[in-house]
Structure formats: C-alpha cells, structure tokens
Amino acid sequence: PVAVRASIEAGEEALAVGGPAEAATHFLDALELVDTSRTPVGEVDTFVLARRCAEALIASGRVQKAVKVLRARLAMLPLEGSDTDRGQLLTALASALMLTDTTDSPREIAAEAVDLLRNAPPKLLVRALLVQAQSLGGWHADEARAIAVRALELAERHDLTTLAVELHTTVAGL
C-alpha cells in the first residue's frame, strides 16, 4: 500500500509540473502494484487511478495505450458492478476513442455512459454528456447541440465552471 500511494503521488506531482509521460509511468506502476498485491489495497480507487492514467497517457501522445488501460479496467468490473464506475470508464474510453482511427463507435460508448450515469453526481453526468455531444460532432450537429446545451444548463446550475467552459466551446464549434 505504501508503494501504491507513493506511485500515485509521484504521478500527480509529475502531472502538476507538466510531465504526463512520467505521470503515466507512475500510474501504470501503481495499477500493476494494486493488481499484483496479495492483499486488497482498499484505500485506492482503481477506477479513478485508471482514468488518471489514461489522461496522462493521452496527454503524452499514447492514446492506444490509454484505450488498452481503460478496456482492461472495464473487463475487470463485475457484471453487477457499479454503474457509476462503468459509466466513468466508458466516458473516458469514448473520449480516447475519438482521438483514434477505430471501428469502435465512440458515439455508442458515450451514449451507454450517459445512460449509466443518469443518477450519478452532476459532474459525472455533465462530463458524459459533453463527451457524447463531442462524439456526435459534425455528423449529427443538431443532436450534438441539444445534448451540449442540456449539459451546459446542468453545469451552470451546479457551478461546474470548468465543464461549462468546455461546453461553451463545444456548442460554439457546432
């Protein structure tokens, strides 16, 4: 557990100073330590850790590796697992897939994430709606705009300023 926490802290520090490649390495180490630990590492949310790892991998240009990490975490979720955990991982996966040339549908994955996060905290739902709107992009601009506006209303109602700024940008681009 000490090594896991140290790896996570090192990853966060690396991200804070603009070192996403180094951060990704630390987060990957932490995930491996958790996965190979003989005793449960209860205080570490592996789903949050996987998402942070994927963010660092994407920021360092390793999108395919991010997709692989997210898919691995999704595969580890029990079927009766948390809708919130699954929804957050799917949101991150859809976002990553939009950066790749793939036969997978970021649009379908984002829609599934939104469905799973309908009763989640507003920040999680707004993030999923943002990704869903972005995944619809130019092909379904009217639908994307409607989803983005709905997400923007939620973001403003719940003072989610960073997400609101992203949504304004998304709406403007549609």
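Definitions and limits used
- Residues numbered from 1 in each chain as written.
- Predicted model: local features only at pLDDT ≥ 70, side-chain atom pairs only at ≥ 80, totals over all residues.
- Heavy atoms only, no water.
- Axes fitted to C-alpha atoms, helices over the stretch in contact; angles between N-to-C directions.
- Helix = DSSP H or I, 4+ residues; strand = E, 2+ residues; numbered from the N terminus.
- Parallel < 35°, antiparallel > 145°, perpendicular 65-115°, else oblique.
- Left-handed = near helix turned anticlockwise from the far one by under 90°.
- Contact = heavy atoms within 4.5 Å.
- Expected span 1.5 Å × (residues − 1).
- Buried < 20%, exposed > 50% of the residue type's maximum accessible area, 1.4 Å probe, protein only.
- Core = buried A, V, L, I, M, F, W, Y, C linked by side-chain atoms within 4.5 Å.

Observations concerning the packing of helix H6 (residues 106-116) against helix H7 (residues 122-136)
H7 packs onto H6 with a crossing angle of 160 degrees between their chain directions and a minimal axis gap of 9 Å. As the angle between them shows, H6 and H7 are arranged roughly antiparallel. The two elements H6 and H7 meet at a crossing, and its hand is left-handed. Across the interface between the two elements, Pro 106, Arg 107, Ala 110, Ala 111, Ala 113 and Val 114 of H6 pack against Leu 125, Ala 128, Leu 129, Val 131, Gln 132, Ser 135 and Leu 136 of H7.

Considerations on the side chain of Ser 7
Relative to the assigned elements, Ser 7 resides in helix H1 (residues 2-16). Leaving out residues up to four positions away in the same chain, Ser 7 has contacts with His 26, Asp 29, Ala 30 and Leu 33.

So, H7
The first and last C-alpha atoms of H7 sit 21 Å apart over 15 residues, in line with the 21 Å expected at 1.5 Å per residue. For H7, the complete set of buried residues consists of Leu 125, Val 126, Ala 128, Leu 129, Leu 130, Val 131, Gln 132, Ala 133, Ser 135 and Leu 136. The inward-facing, buried residues of H7 abut helix H5 (83-97), H6, helix H8 (141-157) and helix H9 (161-173). Where H7 ends, the next residue or the one after it, Gly 137, has phi of about 40 degrees, a positive value.

A short note on the nonpolar core
Formed by 58 residues in total, the largest nonpolar core has its most connected members in Val 126 and Leu 167. Per element, the largest residue contribution to this core is eight residues, and it comes from H7. Beyond its immediate chain neighbours, meaning those up to four positions away, Leu 167 contacts Val 126, Leu 130, Ala 148, Ala 151, Leu 152 and Ala 155.

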